[in-house]
Every structure is written in C-alpha cells, then in structure tokens.
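Take a look at the letters that make up each chain.
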There are 2 protein chains.
Amino acid sequence: MESKNAKIVTCVAPVNIAVIKYWGKLDEELLIPLNDSLSGTLSTDFMRAKTTIMVSPTLQENKFWLNGKEQSFDNKRLDNCLKEIKRRANQELPILNWKLSICSENNFPTAAGLASSAAGYACLVSALAILYDIEGDISSIARRGSGSACRSMYGGWVHWCKGIKEDGLDSIAKQIAPASHWPEMRVLILVVSDGKKKYGSTEGMKRGVETSELITYRAQYVVPKRIEDISEAIKKRDFNTFAQITMQDSNQMHAICLDTYPPCVYMTNVSHAIAGLVHAYNSYKGSNKVAYTFDAGPNACLYLLEPEVEEFVSIVNYVFPPSDPQGYFQGMPLSMKDIPQDIKLSLDLERHQVGSLKSIIHTKIGEGPQIISDSTCHLLNDLGVPKQTP
Amino acid sequence: MESKNAKIVTCVAPVNIAVIKYWGKLDEELLIPLNDSLSGTLSTDFMRAKTTIMVSPTLQENKFWLNGKEQSFDNKRLDNCLKEIKRRANQELPILNWKLSICSENNFPTAAGLASSAAGYACLVSALAILYDIEGDISSIARRGSGSACRSMYGGWVHWCKGIKEDGLDSIAKQIAPASHWPEMRVLILVVSDGKKKYGSTEGMKRGVETSELITYRAQYVVPKRIEDISEAIKKRDFNTFAQITMQDSNQMHAICLDTYPPCVYMTNVSHAIAGLVHAYNSYKGSNKVAYTFDAGPNACLYLLEPEVEEFVSIVNYVFPPSDPQGYFQGMPLSMKDIPQDIKLSLDLERHQVGSLKSIIHTKIGEGPQIISDSTCHLLNDLGVPKQTP
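Just so you know, these numbers come straight off a predicted model, no measurement behind them. (Residues numbered from 1 in each chain as written. Chains lettered and ligands numbered in written order. Predicted model: local features only at pLDDT ≥ 70, side-chain atom pairs only at ≥ 80, totals over all residues. Heavy atoms only, no water.)

*Asks:* Got a minute to help me understand the interface of chain B and chain A in this structure?
*Replies:* Contacts between the two partners involve 28 residues from chain B, matched on the other side by 28 residues from chain A. Carbon and sulfur atoms supply 59% of the area buried between chain B and chain A, which totals about 2,600 Å² over both sides. Linking chain B to chain A there are 2 salt bridges. When the shortest N-O distance is used, the salt bridge between glutamate 213 of chain A and arginine 226 of chain B registers 3.4 Å. No other element matches the 10 residues that helix α6 (residues 239–259) of chain B contributes to the side of chain B that touches chain A. Here the side of chain B that touches chain A is built from residues that sort into 12 nonpolar, 10 polar and 6 charged. (Contact = heavy atoms within 4.5 Å. Buried area = accessible area lost by both parts, 1.4 Å probe. Salt bridge = Lys/Arg side-chain N within 4 Å of Asp/Glu carboxyl O. Helix = DSSP H or I, 4+ residues; strand = E, 2+ residues; numbered from the N terminus. Nonpolar A, V, L, I, M, F, W, Y, C, P; charged D, E, K, R; others polar.)

*Asks:* I would appreciate a short explanation of helix α4 (residues 201–211) of chain A in the present structure.
*Replies:* Because each turn of an α-helix spans 3.6 residues, side chains separated by three or four positions in sequence point in the same direction. Residues and elements named next belong to chain A. Those residues of α4 not exposed but buried are Gly204, Met205, Arg207 and Gly208. End-on, the buried residues of α4 take up no more than an arc of 170 degrees, which puts them together on one face. Looking at the buried positions of α4, the neighbouring elements they touch are β3 (25–27) and α5 (215–236). (Buried < 20%, exposed > 50% of the residue type's maximum accessible area, 1.4 Å probe, protein only. Arc of directions from axis to C-beta.)

*Asks:* Where do I start with the packing of aromatic side chains in this structure?
*Replies:* Scanning the model with the defined rule gives 27 aromatic pairs over all chains in all. Taking the centre distance of 5.7 Å and the plane angle of 35 degrees together, the rings of tryptophan 157 of chain B and tyrosine 303 of chain B count as tilted. With tryptophan 157 of chain B in strand β10 (residues 157–160) and tyrosine 303 of chain B in strand β14 (residues 300–305), this pair connects stretches of sequence that are 146 residues apart. Note on tryptophan 157 of chain B: relative accessible area 0%, which makes it buried. Here tyrosine 303 of chain B falls in the buried class, since its relative accessible area comes to 0%. Ring centres 5.4 Å apart and planes at 90 degrees place the aromatic pair phenylalanine 242 of chain B and tyrosine 303 of chain B in the edge-to-face group. A residue pair is termed long-range when its members are at least 10 positions apart, and phenylalanine 242 of chain B in helix α6 and tyrosine 303 of chain B in strand β14 qualify at 61 residues. The pair formed by phenylalanine 242 of chain B and tyrosine 303 of chain B is uniform in burial state, with each residue classed as buried. Members of the aromatic cluster, each reached through a chain of ring pairs, are Trp157, Trp182, Phe239, Phe242 and Tyr303 of chain A. The aromatic ring of tyrosine 318 of chain A is capped on one face by arginine 351 of chain A, whose charged end is 4.3 Å from the ring centroid. (Phe/Tyr/Trp six-rings, centres within 6.5 Å; stacked < 30°, edge-to-face > 60°. Lys NZ or Arg CZ within 6 Å of the ring centre and 35° of its normal.)

*Asks:* Can you help me understand the sheet that holds strand β13 (residues 290–294) of chain B in this one?
*Replies:* In a beta sheet, neighbouring strands are held together by backbone hydrogen bonds and run either parallel or antiparallel to one another. Residues and elements named next belong to chain B. Pairing is mixed across the open sheet formed by 5 strands, whose spatial order is β13-β14-β12-β16-β15. Here the strands that pair on one side only, and so sit at the sheet edges, are β13 and β15 (329–331). Averaged over all neighbouring strand pairs, the angle between strand axes comes to 25 degrees, with direction disregarded. Alignment of strand β12 (residues 185–192) against strand β16 (residues 357–364), held across 7 bridges, turns out to be antiparallel. Residue valine 192 lies in a different strand from β16, and its bridge partner there is leucine 357. Of the strands in this sheet, β12, β13 and β14 are in contact with α6, which crosses β13 at around 25 degrees. (Pairing = 2+ DSSP bridges. Axes fitted to C-alpha atoms, helices over the stretch in contact; angles between N-to-C directions.)

Honestly, that's just the spatial picture; any functional story needs more than this.
Put into structure tokens, the structure is as follows:
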C-alpha cells in the first residue's frame, strides 16, 4: 500500500539519433551547445529508458538506482535537473520538502554501446515534471542532465535550437514533424564489435572546443544552412537530400574529432567499411537510398525507407557475416533475400571477418516520453524500494 | 661509345615528407596549391628516384621507361615539364629538336606504398635542366609534373610558397634550413600492411576542393600561421613545438579528407594505433619526443631525434610484432633494447596482430637532387636503350 500522501509515477522515454550533430558546448555548466542539432526519435517499442519516481513524506533519504545498482545521489547533472524542476514548481507544494526514490533502467541490448543518457534524463525529467506539476517547456530542464536529452522530449523529428540567452532558457527542443509524417522511415543500428575503451563524448567535445581550429567555422557557417536544408528535406520527405546532409554532417563531426588534439577517433575500419558500402549501394541505385550516421563510437545508425530494408540488410548480412545468430537480430522483424548477382558484382562486395558486427537492431521513428499508468509497471514498491534487483 | 653530339646525364632525387600538408589545388592544370606546405627532404642513401636522360640526333623517337617498363610518352605531366624546360632554354640550342630517351627507377621497397612521383619528377626536371642549361628556379617546373615534386628540388627543410601569380611562376620551393641544420633528426617510416586499393591523392584533393566545407578555412586561416610557427620551430630546433604542429596538421589533412563527400579515408585502425602510441609515449615523457604524419595512405612517417630512436623503435617492435624479420628493417642500422617495465605499464601497451606492419625504414634528412658523374651508373646505354630490363 502506498503511503497516504506519497506520489509515484513511471515514464518511458526514447533514444534519439542526430542527423545534424551536437558537438561542442558553449557553456559546460549549463550544457548550451555550440550549434543547433536535429534528430529522429526512435520508437520506445525496442529501445527506451524507464523511470519510476516516488516522492513521499515517509522516505528518509534520497535514493537513486540505475540498471539495478544503487548510485550516489550526489550527481551534479541529476542535481541540476532537480533544482530547476523545484524552482519552477508551485512553491506551496508540500512535496517540495519530501525525499525521492528514483529507479531507472534501460532495455538497450547489453554492451550495445549506445548512448543511454539522453533517454535516461528525458525520462527522469518527464517523470519529475508530472510529480511537481511543471508547465511549459521542460526540454531545457532535460538538457541540464544531458545535452541531447532535450531532443528525446519529443517524438518524430526534433530540432534543438541552441538559443541566444545566457541562462540557456531558450536552448530548447522543438518538434518539426511528428513520427506519423514520414511513416516509412526505418532505422538499422549496426552494433560494431570493438573491445577498446574510448573517450566519452563529453571529453571529446571539450577537447574539440579547446583545440580544433575548424569547430567554430563548422558551428557558425556550416550547421545553420544544414539545419535549414534538412528540415526542408524532412518536410518534403526528400530522402535523397536528407541522406546526403545526414552523411555529410556525421563525417564532419568525425572530421572535427580528428582535428582535435590529441585526436579523438571513434570510427573503426568496420565503421568506415559500412560507410563505404552505403556509398556503393547508393551509387548503384542512382540516388541515396540509405544514410549512415555515427555518434561517439563505432556503431552505425542507418536511416532508410521501408521498401529498402530487406535488400540492404541482406547485403549487410552477406558482407558482415554474424558469428552467433542467437539474439543477433533485434527489434522489428527482418526478412532476408538472395542478393541479385549484378549487385554483388557492381558493388564489388568483399566479405569481412565473421563477427565484425555484434548485432543489428531494426527500429523506426516513434513518439516522445509517455506515462505508464499501469501501476504494476512501477519499478519501485510501496516503500520506494526497487521491486527487483538483478 | 656515345654518338658524337649526344648528351647524357643521370641524376638522383629524394623523397620528401610534408609536415604542413599540401591538400587541394587552386589550379588543376598548373598544379598551383590551395595553401603553402613545408617538408623535410629524406636522404637519397635509402630512398631515391634515379633518372638517366639521353638527348641525341640519332634517336628516332621519344622513349620513356619507368621501373623497367616502357611507358607512353604521351603523358600530360611529362609533357608540361618538357615544354616548360624547352621554353626556358636558349632557343638556339640544337638539342631542342632532338629526341629523348628517359629511363627512371625508384629504389623504394616494393609495395611500400610511398609516393614516388615527387622524387621522380624532381629527378626528371633536374636532369632536363642540366641537359638544356636552364638557369634560375626550376622547382616551378618540377611542380608541373607533380605538385610536391617542387619540394624535392632542395635538401633539408623546404617551404613551398603557393605564390600569387596566375601563371604559377612564383609557386616555388625554397629551402628554409639545410640538412646540416638539425643533424640529429631521424625519420622512421612504418609501412602498414593493407591490401585495400585506395583513391589516389589527386582524386582525393579534387573531391575535397569540390565538396569539403572546411578546406577553404584551413587553407586561408589555419595553414599560414602553422607555416610561420613551424618554420620558427625548425630554425630554433624546438622539437616539442615542431612535433605538435606536425601532428596537428596531419590530423587536419585527414579531417578534411573525412569532410569530403563521399569521404576519403586513408588511415586504418593500425595507423590510428600508431598515432595513439606516439601520444602515449610523448605523454609519458612529459614533452613531444616523436611526431607522426600520414600522407594519402595508411603508412606512418615518424620524425624523432637520434637519442630517441632505439627506445621508440623497441616499443614499436613490441606493440607491432613483425611476421617475417627478413627485410623488415631497412635503411640505417637499428638497435633494440628491453623496454623498461614502467614504460610497459604506463603506456598500457597492447600487442597487435603479428604482421600489422610490413616493414620499418630508418632514414634521416638529406640533400636535394644530385648529378651522378660516374658514367657506369647511367641507366641507358650508348644507343639510349635501358641497360637492364628486370
């Protein structure tokens, strides 16, 4: 039984994949970016963060569990989000003085190396906003947790405007088109096997701002035009243009990483081989049918339309043979077909080592954060303690 | 016996390794670069082009052999060099109307993947200039054969000024310091095993100029300052600064390649692992002791001072174990030592697959093109025919 006045809420929130990249902060504390960015929000059917928050007068202390492990509550980013939520709340709410239990988990495939902080902070802030009755834009609050989390606050296609205010209150996300606008859009995430530890995006961006001589030019002169052009392409559902800008911007982000000193290298030989395969396929098809984009890691995120999925994934499967088919394909169902002989010849397909890819996730564009009203889905019991520990 | 009026000359010319990269042409026909560049000239003791040219009234047609194979004389770059030589010659010279036999060979390790055209055209133009008695700067003639060939016209440290004239006559190389200025400077070329065919630098540059949004900014704002700073560092023999600028400029060239559409990727996982090892070593040493630079391929060229060679090459040999030691080490003698345990631990040395490197060439900074006066060294016999065919 819940304590009489306790409040509990559970939300899920999506991952987003940027097509115009956020790379570099103008303000390290407020997480104001150097440039605007734009992303597609992925369906929560297959990849999502889930967070339950209880606020209750009976809780003795603030507690926070992530993926089954208790974390320190002394976390600056979490603290910034909470402070901003409480600042915006009605100051007469009694719950402002109560302690919180927060329990969060991601259902991403283990070791997929996919950024979870965007979904995580979007989920946290969505749940907090409900508990504390916050109105108006809350994407700028999610931004305080993890920059790109603000883009996970909306479904469909989302534009994060860097804003011009010093306090960052206008550095917010806006939906430019809902998921339903381009229903054929699919996403394939090719998880690249790579054991090496890498520098995180926070560190890479910071070093980039400090040492790259090209990053400012990119932020000031290249990105604004690309944001405009790709927004237009999305509105018109012009995949060819959308794909070209997406690939160019991914490459430019990694160019900036290489121009950083010492350089940050996230893409591997396999990442580049995937990019090469996409260019060869598009060239064979006579226009762009697939677009790749890479974040701060070796995994490829591919945008493509539904009619292209079967053929392209069959080619990927031929070029990068899986080692263990168990759990290799995840997400929406995938079917394979024989690759036409002329494609094999024209693309000069060369097979890579078995196991170069770890898994393939098939998903689509989806909705923003959602409240889960079914109380059996809460991650916390009535005492504010996680129901399950792994 | 030579024909009475025939003239024959043999030259050798060096390879050069840029520390500020030439990447992008302002004029595709005249080979005028987008930006200045700067290089070290390598000793001809180990790597050189050698060219013999005979000009004789008895020759029936122009002939050209390269590495033992006859080539078509109908070669635009060769033609441009020849035309410019003849234009500058005393127009009363009878040899202007005679035919030529040209025989050229490189002694670079087979399949080293090292650019040979710079040494080749420097050698060709040096020999032609002697035959036709050309005076004044001839680096702008070598440039017409292969842009970076102009830098191989001088020994030591060489600055190619892009010039401002439309005809390119002031796009010439100048020595900023002779080889003797920094006698401890050594070069290690780590030849990376990589079977893949790559796009050449000509194609990569052209596509870069057409599609990279960052290349112009680099050429206009980044390079001029770097040329100034690295020239100063060379003059002062300030290795720490020299190394930082060298590595930054190599990385920026490859950043531009990645910003090209579709991207040009020359560096492999092994190339990046070498760069990472250099940064780890420098960090351990507290200042830059080794500098890497990469051209349009996966091979690393390392600049370092003599006292550092033994230790660093021992580390390289540990991290990248050779598969077949036969012919693996080339050039100047190399000795190895045990790697101190604290280096192994501090650098977190991880061993790569046996055979990741194909060979290591140890060389130094050297002189410009030289005439070989010993007539037994000519590559052509008295009839203008190659003495040996392989």
